[in-house]
Amino acid sequence: MRSHGCGDLRSDATGQTVSLCGWVDRRRDHGGVIFIDLRDRSGTVQITVDPDLSPAAFAVAERLRNETVLKVSGTVRDRPADSRNERLATGAVEVLASAIEVLNEVRGNLPFPVSVHDDTPVREELRLRHRYLDLRRERMNGNLRLRAQTIQAARRFLEAEGFIEVETPVLTRSTPEGARDYLVPSRVCGGEWFALPQSPQLFKQLLMVGGIERYYQVARCFRDEDLRADRQPEFTQLDIEVSFMEQEQILQLNERLIATIWRAVKGIELPSPFPRLTWQEAMDRYGTDRPDTRYGLELTDVSDIVATSGFKVFSGAVAAGGAVKCIAIPGGNDVISNVRIKPGGDVFSEATTAGAGGLAFIRVREGGEIDSIGAIKDNLSAEGKAELLRRTGAQPGTLLLFGAGDTATVNKALDRVRQFLARELGLVPASGAGGAWNFLWVVDFPMFEFNAEENRLEALHHPFCAPNATDLGADQAGWPTALPTARAQAYDLVLNGLELGGGSLRIHDAALQKQVLQTIGLPLEEAERQFGFLIEALDMGAPPHGGIAFGLDRMVMLLAGEESIRDTIAFPKTQQARCLLTQAPADVSMKQLDELHVASTWVAEEG
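Note that the structure is predicted; figures quoted are calculated from it, not measured.

**A few points about the state of the cysteines**
Linking two cysteines covalently through their sulfur atoms gives a disulfide.
No. 1: If you walk through the whole model with that rule in mind, you get zero disulfides.
No. 2: The cysteine C579 is free of any disulfide, with C221 supplying the nearest cysteine sulfur at 19 Å.

**Side note on the sheet that holds strand β15 (residues 370-371)**
No. 1: The strand order across the open sheet formed by five strands is β12-β13-β16-β14-β15, and the pairing between neighbours is antiparallel. The open sheet terminates on both sides in strands that have one partner only, identified here as β12 (299-301) and β15.
No. 2: Pairing geometry for strand β13 (residues 323-329) and strand β16 (residues 399-405), over seven bridges, is antiparallel. Across the sheet, the residue bridging to I329 is L399, located in β16.
No. 3: Its contacts with the sheet put helix α9 (residues 312-319) on β13, β14 (360-364) and β16, and the angle it makes with β16 is roughly 45°.

**Considerations on the packing of aromatic side chains**
No. 1: Counted by the stated rule, this structure contains seven aromatic pairs.
No. 2: A centroid spacing of 4.8 Å and a plane angle of 80° characterise the contact between F311 and F314, whose relative ring orientation is edge-to-face. F314 matches F311 in its accessibility class, with the two residues each being buried.
No. 3: Centre to centre, the rings of F464 and F531 are 5.5 Å apart; their planes meet at 75°, and the pair counts as edge-to-face. Linking F464 in the loop between β19 (456-459) and α16 (469-472) with F531 in helix α19 (residues 524-538), this pair joins segments that are 67 residues apart in sequence. Neither F464 nor F531 differs from the other in exposure class; each is buried.
No. 4: Members of the aromatic cluster, joined through ring pairs, are W262, F274, W437 and F439.

About the thresholds
Residues numbered from 1 in each chain as written. Predicted model: local features only at pLDDT ≥ 70, side-chain atom pairs only at ≥ 80, totals over all residues. Heavy atoms only, no water. Disulfide = S-S within 2.5 Å. Pairing = 2+ DSSP bridges. Helix = DSSP H or I, 4+ residues; strand = E, 2+ residues; numbered from the N terminus. Contact = heavy atoms within 4.5 Å. Axes fitted to C-alpha atoms, helices over the stretch in contact; angles between N-to-C directions. Phe/Tyr/Trp six-rings, centres within 6.5 Å; stacked < 30°, edge-to-face > 60°. Buried < 20%, exposed > 50% of the residue type's maximum accessible area, 1.4 Å probe, protein only.

Listed below in structure tokens is the structure:
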């Protein structure tokens, strides 16, 4: 049907007869000659329609609307020197049309402009409702190509390293840990249910038991999570598992993978090895296990300095087992007013949104004098003040912002304040600008965290992570005591403050796996019912193994410089987990429900 792509034509094609297909990007009538910008996925080229040379083609061109689908036949020729378009890859040539065939017309009004020449902002709801039009636009078309290029680069690297791609089941069984499952009723096995996988975790471990040794998959995953910004109910992972590798070898392998992807997609050589922080170091210095290291404003623990202070907010927090931390903001005195830090201010609101009661502050003046409320200033000794300024590196003009309370809340609040102020003060460089691809491995996560609502321990990552061998000890009788405070052989790859991927070495000993499940409150009988197939497999010669999963949607978002993962997915859901294009989810017939032995108890809210 066509001989060339619209965007492929250059001066070396001059004189050739070509056939092109595409959409009318725009049409311009210049008083006797009509110019059409014809667009396909390869780009845009100018079509010139002269009534003297092809009256029939001109008659068709006169009535064309934007986005009409055409087939154009004609001859490539050089544009006159004064009409060349240096901003267009095909700007040195044009196609003199001899025939135009309309393959399909646009009969309704376009809900928004599609042309590459129109960058009018369009509401996301409208773009998602008419996603097929949005995909024609240069931005989305480019993002999907970048996504394909990313996957292709990953596949080539992994297959060169001896990995094989294996598909794991989409219909599986529900497990108690993690987010809510999407459930699928079985028609054949009445009263029983499948679950859509939140990850291929157990199957990829079973593949290791099965001797596959090096597995990967571009895996579709599903999580029925509560509404959260920029999360999708269905998402894509680059999933990897390998046998007979230690943690350091796995990290090095994945650094080479990431470097390969960035080189192929962005033409960037990433420095290696990537920096490392333990989970504890990350929490101490940044208040989060996914810190953005493109800027400073690190947290400083000053609990020991204020432990005996007469300011009870500080000393009380320390006495209760909590912490007092602060952020030093160079030049902050000049740009952050008291109004912003006090109730009703934007900086104050960031802290309270994260659960803090508020923020205390000290302004450092000339000569090392400090300015604050009397309760803070009057209760800080000369030695304490000197140590505070030394530890924080505060100079005249520095603003110190303090959080006090239980350590988790202090970390969460100051992390949020830190990120907010970095954006406000222009400290966050654009990704990739000036080498600002700040990769970071965070390692040595705790095995468990305490769930206060359920009064039990739960796995910080998942209950299949192997504990640190030193923390666990060699005596199996000591496992129940050692496990609750053990570190996991787990690792996350963080990029510019976002988690790009996470993984761990896995438990390959059945007895240890049972003990870990018991530690999170799963009785042995329930553990056997839920995970008996895995425990049995681990007793059949399971090799040491580990792996990682990268969030492909987020990776592409960062590579594309987008703010939302929805702009890297062809047909995404909204934040309410709805597809505006197909209007899914939707109701189904009673006959379908009856066949599945299911009844709905949903009652629509009035009004």
